[in-house]
Amino acid sequence: MIKFFLMVNKQGQTRLSKYYEHVETNKRTLLEAEVIKSCLSRSSEQCSFIEYKDFKLIYRQYAALFIVVGVNDTENEMAIYEFIHNFVEVLDEYFSRVSELDIMFNLDKVHIILDEMVLNGCIVETNRARILAPLLILDKMSES
């Protein structure tokens, strides 16, 4: 099960965070700082899976953005690794080459995409067309 989902830039600034288990606000800040530090300090030759406290961190880097997913011990690391890639492909399809600015200025749409893919910490959808369908409907409604 996914515990949290983070998008972070190379400077360590969180651009998106989504928690699927309750974590107090002050503890979130500390958790994010430790997680970001442990991911940013690793070289590109090192594995993208990290054992951290009572869960695993799986991360991928895309240009200046890191996507970090915290999962419980029973989750399949490769499945989450591919989920991250699928998420980025959906963003690329919607935004036509997604960038950090797209995420910053369209955070609501990024959350909709993530919510279509993950429900209560479980991956429920991976089909790009079905993930983007609600957003495309919202876009049509806003145009008219």
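Residues numbered from 1 in each chain as written. Predicted model: local features only at pLDDT ≥ 70, side-chain atom pairs only at ≥ 80, totals over all residues. Heavy atoms only, no water.

Per an unreviewed UniProt entry, the chain goes by AP complex subunit sigma and derives from Echinops telfairi. Listed in UniProt under the heading Subcellular location (unreviewed entry), the comment for the chain reads: "Endomembrane system". (UniProt positions renumbered as here; feature names shortened; annotations may be inferred.)

Undergrad: So what exactly am I meant to see when it comes to the pairing of strand β4 (residues 55-62) here?
TA: Strand residues, when the strand is regular, have side chains that alternate between the two faces of the sheet. With six of its eight residues buried, β4 lies for the most part within the structure. Bridging between strand β3 (residues 49-52) and β4 involves four bridges; their strand directions are antiparallel. By the bridge assignment, Tyr-52 is partnered in β4 with Phe-55. Both β4 and strand β5 (residues 65-71) contribute to a ladder of seven bridges, which runs antiparallel. Bridge pairing in β5 links Lys-56 to Val-71. In textbook terms, the turn of a hairpin is the stretch between consecutive antiparallel strands, and for β4 and β5 this stretch comprises two residues, one of which, Ala-63, has a positive phi near 55°. (Buried < 20%, exposed > 50% of the residue type's maximum accessible area, 1.4 Å probe, protein only. Helix = DSSP H or I, 4+ residues; strand = E, 2+ residues; numbered from the N terminus. Pairing = 2+ DSSP bridges.)

Undergrad: Which parts of the structure should I look at to understand a nonpolar patch on the surface?
TA: A contiguous nonpolar surface patch, about 330 Å² in accessible area, is contributed by Leu-101, Met-104 and Phe-105. By secondary structure assignment, the location of Met-104 is in helix α3 (residues 100-105). Using a relative accessible area of 35% as the deciding quantity, one classes Met-104 as partly exposed. (Patch = residues over 30% accessible without salt bridge, like charges linked within 9 Å, V, L, I, M, F, W, Y side chains within 5 Å. Areas by Shrake-Rupley, 256 points an atom, 1.4 Å probe, with all protein chains shown as cover. Salt bridge = Lys/Arg side-chain N within 4 Å of Asp/Glu carboxyl O.)

Undergrad: It is not clear to me how helix α1 (residues 25-40) should be interpreted in this structure. Could you clarify?
TA: Since the α-helix turns once every 3.6 residues, residues separated by three or four places project in the same direction. Across its 16 residues, α1 extends 22 Å between first and last C-alpha, which sits within 8% of the 22 Å expected from 1.5 Å per residue. Among all positions in α1, only Leu-31, Glu-32, Val-35, Ile-36, Ser-38 and Cys-39 are buried. Seen from one end, α1 has its buried residues packed into an arc of 165°, which puts them on one side. Away from the buried face of α1 by more than 90 degrees, exposed residues Asn-26, Thr-29, Leu-30 and Lys-37 are located. (Expected span 1.5 Å × (residues − 1). Arc of directions from axis to C-beta.)

Undergrad: Help me out: how do you make sense of the state of the cysteines in this one?
TA: As used here, a disulfide is simply a covalent bond connecting the sulfur atoms of two cysteines. What the rule picks out here adds up to zero disulfides. Summary of cysteine pairing: Cys-39 is not part of a disulfide, and the nearest cysteine sulfur, belonging to Cys-47, is at 11 Å. (Disulfide = S-S within 2.5 Å.)

Undergrad: So what exactly am I meant to see when it comes to helix α4 (residues 107-117) here?
TA: Turning to α4, its buried residues are Val-110, Ile-113, Leu-114 and Met-117. The arc that holds every buried residue of α4, seen down its axis, measures 95°, which confines them to one face.

Undergrad: Help me understand the pattern of salt bridges in this model?
TA: Pairing is possible between side chains that carry opposite charge, provided their charged atoms lie close to one another. This structure, assessed with the given rule, holds 10 salt bridges. The salt bridge partner of Glu-100 is Arg-15, with a shortest N-O separation of 2.7 Å. Of the two residues, Glu-100 sits in helix α3 while Arg-15 sits in strand β2 (residues 14-19), which places them 85 residues apart along the sequence. The exposure class of Arg-15 is partly exposed, given its relative accessible area of 21%. Salt-bridge contacts for Glu-89 lead to Arg-128; the nearest nitrogen and oxygen are separated by 2.8 Å. Of this pair, Glu-89 sits in helix α2 (residues 77-95) while Arg-128 sits in helix α5 (residues 128-143), and the two are 39 residues apart along the sequence.

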